[in-house]
Amino acid sequence: QVQLVESGGGLVQPGDSLRLSCAASGFTLGDYDIGWFRQAPGKEREGVSCISRNGRSTYYADSVKGRFTISRDSAKNTVYLQMNSLKPEDTAVYYCAADLFYRGCTLVLGSGYSWGQGTQVTVSS
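What this report covers is the structure whose coordinates are included nearby. (Residues numbered from 1 in each chain as written. Predicted model: local features only at pLDDT ≥ 70, side-chain atom pairs only at ≥ 80, totals over all residues. Heavy atoms only, no water.)

The next point concerns the pairing of strand β9 (residues 92–99). Counting buried residues along β9, seven of its eight residues qualify, which places the element largely inside the surrounding structure. Bridge count between strand β4 (residues 34–39) and β9: six bridges; the pairing is antiparallel. Across the sheet, Q39 pairs through a bridge with V93, a residue of β9. Judged from the three bridges that link them, β9 and strand β11 (residues 119–123) form a sheet pairing that is antiparallel. Following the sheet pairing, A92 is matched in β11 by V121. (Buried < 20%, exposed > 50% of the residue type's maximum accessible area, 1.4 Å probe, protein only. Helix = DSSP H or I, 4+ residues; strand = E, 2+ residues; numbered from the N terminus. Pairing = 2+ DSSP bridges.)

The phi angle at N77 is positive, at roughly 55°, despite the residue not being glycine. Tracing the backbone shows N77 in the loop between β7 (68–73) and β8 (78–83).

Time to look at the pairing of strand β5 (residues 46–51). A regular strand places its side chains so that they alternate between the two faces of the sheet. When you tally the buried positions in β5, you get five out of six residues, the bulk of the element. Between β4 and the antiparallel strand that follows it, β5, lie six residues; G42 among them carries a positive phi value of about 80°. Count of turn residues in the β5/strand β6 (residues 58–60) antiparallel hairpin: six residues, of which G55 carries a positive phi of about 80°.

Per the counting criterion, the structure on display carries six aromatic pairs. Ring centres of F37 and Y113 lie 5.6 Å apart, and the angle between their planes is 70°; on these two criteria the pair is classed as edge-to-face. On the criterion of sequence distance, the pair formed by F37 in strand β4 and Y113 in strand β10 (residues 113–115) is long-range, its members being 76 residues apart. Its relative accessible area of 13% is what places Y113 among the buried residues. The structure contains a cluster of three or more aromatic residues connected by ring pairs, namely F37, Y95, Y113 and W115. We note R45 situated over the ring of Y95; from NZ or CZ to the ring centre the distance is 3.8 Å. Cation over ring: R103 sits above Y113, and NZ or CZ is 4.2 Å from the ring centre. (Phe/Tyr/Trp six-rings, centres within 6.5 Å; stacked < 30°, edge-to-face > 60°. Lys NZ or Arg CZ within 6 Å of the ring centre and 35° of its normal.)

On to the nonpolar core. Ranked by size, the top nonpolar core spans 27 residues in total, and within it L4, W36, F68, V79, L81, M83 and Y94 carry the most contacts. Elements that contribute at least two residues to this core include exactly β3 (18–25), β4, β5, β7, β8, β9 and β11. (Core = buried A, V, L, I, M, F, W, Y, C linked by side-chain atoms within 4.5 Å.)

Limitation: the analysis is restricted to geometry and does not speak to function.
This is the structure:
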């Protein structure tokens, strides 16, 4: 089956760092734009970051710009999200998604994404 698996979440204090991983099974991640989204309790899922198919272009939500970095490792069929200077408002379940419709890293939700199961990130003092 086509599947994405996120890992790397955990409980950290404000100002700490985490690196999330998104590993693919059933397809090659390099064939698709890959986005990171997050969803906090009681809130809608929102776009966080996206990396283009060739890895040359990256995009970030204003709320994480300057703190988060997205990257690819094609040899490992994995996309990473490095999260620095974490804030309590970053607390959420983080999901990666492959854009099957080639919509160009818009971070807009809709049909045509292959989703992972999510990994919990909690930032608390």
